[in-house]
Amino acid sequence: QVQLVESGEGLVQPGGSLRLSCEASGSIFTMYTMAWFRQAPGKEREFVTAIGRMIDSTRYADSVKGRFTISRDTAKNTVYLQMNNLKPEDTALYYCAAAFALQPSDVMRAYNYWGQGTQVTVSS
């Protein structure tokens, strides 16, 4: 009943910017918290950022604070991840996720639905 589709993959140079999008089917934005996770080759999937819906709040991993911004457009059922001042260590497959919760969570198992992932590569 719920589908998440990411877009915005790309190759950028260090210090560059990129915006990812996650479009959700149905009306899950009514109750769901949305988040972004990422997974680099050979590493565990890690939390990046999340935004609440019923309670409008955000959370960020320390590694992206001040550089990444999560936002939503309710009319378009879309969540965005604006990434600025990108670093090579940001290179990963980025996943959109949704949780039936009022507040954002940084725990993977809290999320019920996942997108297929979109690749971000930061290299000179």
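Scroll up for the structure.
Residues numbered from 1 in each chain as written. Predicted model: local features only at pLDDT ≥ 70, side-chain atom pairs only at ≥ 80, totals over all residues. Heavy atoms only, no water.

(A) Structural view of the sheet that holds strand E3 (residues 18-24). On the basis of which strands lie adjacent, the open sheet formed by four strands has the order E1-E3-E8-E7 and antiparallel pairing. At either end of the open sheet lies a strand with only one pairing partner, and these are strand E1 (4-7) and strand E7 (68-73). Geometrically, the sheet is characterised by an average inter-axis angle of 15° between neighbouring strands, direction not taken into account. Where E3 meets strand E8 (residues 78-83), six bridges bridge the pair, whose relative direction is antiparallel. The residue of E8 that forms the bridge with Leu-20 is Leu-81. (Pairing = 2+ DSSP bridges. Helix = DSSP H or I, 4+ residues; strand = E, 2+ residues; numbered from the N terminus. Axes fitted to C-alpha atoms, helices over the stretch in contact; angles between N-to-C directions.)

(B) Examining the pairing of strand E9 (residues 92-100) more closely. The buried fraction of E9 amounts to seven of the nine residues, a majority that puts the element mostly inside the structure. Taken together, the eight bridges between strand E4 (residues 32-39) and E9 define a ladder with antiparallel strand orientation. By the bridge assignment, Phe-37 is partnered in E9 with Tyr-95. Pairing between E9 and strand E11 (residues 118-122): three bridges, direction antiparallel. The residue bridging Ala-92 from the neighbouring strand is Val-120, located in E11. Two elements, E9 and strand E10 (residues 113-114), share two bridges in a ladder whose sense is antiparallel. Considered in E10, the bridge of Ala-97 is made with Trp-114. (Buried < 20%, exposed > 50% of the residue type's maximum accessible area, 1.4 Å probe, protein only.)

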